[in-house]
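Tertiary structure, described
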Amino acid sequence: MAPIGVEEIIPDGTLSYFDKDGKLQNVSIYALAEKKKVVLFGVPGAFTPTCSLKHVPGYIEKAPELKAKGVDKILCLTVNDPFVVREWAKTYPEDSAVMFLADGSATYTKSLGLELDLTERGMGIRSKRFALLLDDLVVKAANIEEGGDFKVSSADDILAVLP
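Residues numbered from 1 in each chain as written. Predicted model: local features only at pLDDT ≥ 70, side-chain atom pairs only at ≥ 80, totals over all residues. Heavy atoms only, no water.

**Regarding the overall build of the protein chain**
This is how it is decided: Note on conventions: DSSP H or I runs of at least 4 residues are helices, E runs of at least 2 residues are strands, and numbering of each starts at the N terminus. Radius of gyration here is computed from C-alpha atoms only, and the compact-globule reference equals 2.2 Å multiplied by the residue count raised to the power 0.38. Only protein chains enter the accessibility calculation, which uses a 1.4 Å probe; a residue is then buried when its area is under 20% of its type maximum, exposed when over 50%, and partly exposed in between. It only takes one pair of heavy atoms within 4.5 Å for two residues to be counted as in contact. The protein chains shown are the only cover counted for residues, whose accessible areas, like all others here, come from Shrake-Rupley with a 1.4 Å probe. Positive charges come from Lys and Arg, negative ones from Asp and Glu, while His and the chain ends are left out of the count. Taken as the charge location is NZ of Lys, CZ of Arg, CG of Asp or CD of Glu.
Secondary structure assignment for the protein chain yields five helices and nine strands. Listing each helix as α and each strand as β along the protein chain from the N terminus yields β-β-α-β-α-β-α-β-α-β-β-β-β-α. Relative to its length of 163 residues, the protein chain is compact, with a C-alpha radius of gyration of 14 Å against a globular reference of 15 Å. With respect to the three principal axes, the spread of C-alpha positions in the protein chain is 40 × 40 × 30 Å. Within the protein chain, the fraction of its 163 residues that count as buried is 48%. For the protein chain, restricting intrachain contacts to residue pairs at least 6 apart in sequence, the fraction spanning at least 24 positions comes to 65%. Accessible surface computed for the protein chain: about 7900 Å², of which carbon and sulfur atoms make up 51%. Across the protein chain, the 19 positively charged side chains and the 24 negatively charged ones have centroids separated by 3 Å.

Okay, here's the thing in structure tokens:
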């Protein structure tokens, strides 16, 4: 399947997260992104070096600038179970802007055409590193990395395409 592209409508799908009361919740991506400007960025895995030390911190740091440019939500998608994702999110106590979402079986990631096979590295199917800028479910920017690169999907890269 080809990766999702600019001017395409994202597919709906269900992702998981833990709410502020510690209860496991399932949520439709449409419920999060419909009639909103949203950054959806994906990472290969929780607790992995580039994801944890560069990608996520960049979005946390730049959240005020993204919000000032009209972004309503910043969503982080990873192919991990929701329990791992909850513990990973706890490592960013200063975060109040990024919502961490689990796609445990990569079902939603596959529907975007953004899966990455890391079986040879013992990690199974994961998400490519990417950043999508969505406006009412329509992709306005699709910054998709090759392999393990981190060259086009940072918060700064998304800021550069926002008016």
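**Digging into the pattern of salt bridges**
We count it as follows: When a carboxyl oxygen of Asp or Glu lies within 4 Å of a side-chain nitrogen of Lys or Arg, that pair is called a salt bridge.
As enumerated under the stated definition, the model contains six salt bridges in all. Here Glu65 ties to Lys62 by a salt bridge, and the two come within 3.7 Å at their closest N and O atoms. Taken as a pair, Glu65 and Lys62 lie in helix α2 (residues 49-68) at a separation of three residues, close to a single helical turn. Take Glu65: its relative accessible area is 39%, and that puts it in the partly exposed class. Judged by relative accessible area, Lys62 falls into the buried class, the value being 17%. Residues Arg86 and Glu87 are paired through a salt bridge, measuring 3.2 Å at the closest nitrogen-oxygen approach.

**Side note on the UniProt feature "active site" (unreviewed entry) in the protein chain**
Note the cut-off: UniProt positions are given in the numbering used here, feature names are shortened, and annotations may be inferred rather than shown by experiment.
Residues annotated in UniProt with the feature "active site" (unreviewed entry) correspond here to Cys51. Positionally, Cys51 belongs in helix α2.

**Side note on the nonpolar core**
We apply this condition: Working definition of a nonpolar core: buried Ala, Val, Leu, Ile, Met, Phe, Trp, Tyr and Cys residues. They are joined through side-chain atoms within 4.5 Å.
One finds Phe41, Tyr59, Leu66 and Trp88 to be the most contacted residues of the largest nonpolar core, which totals 26 residues. Listed by contribution, the elements that provide at least two residues to this core are β3 (37-43), α2, β4 (73-78), α3 (82-89), β5 (98-102), β8 (130-135) and α5 (155-161). With six residues, the top contributor of residues to this core is α2. If sequence neighbours within four positions are ignored, Leu66 has contacts with Tyr59, Val71, Ile74, Ala155, Ile158, Leu159 and Leu162. Ranked by size, the runner-up nonpolar core spans 20 residues in total, among them Ile4, Ile10, Leu15 and Tyr108.

**Topic: a negative patch on the surface**
Keep this limit in mind: Patch building starts from residues that exceed 30% relative accessible area and form no salt bridge, then joins like charges within 9 Å and nonpolar side chains (Val, Leu, Ile, Met, Phe, Trp, Tyr) within 5 Å.
The grouping of Asp12, Glu34, Asp72, Asp135 and Asp136 at the surface amounts to a negative patch. Within the secondary structure, Glu34 sits in the loop between α1 (29-33) and β3.

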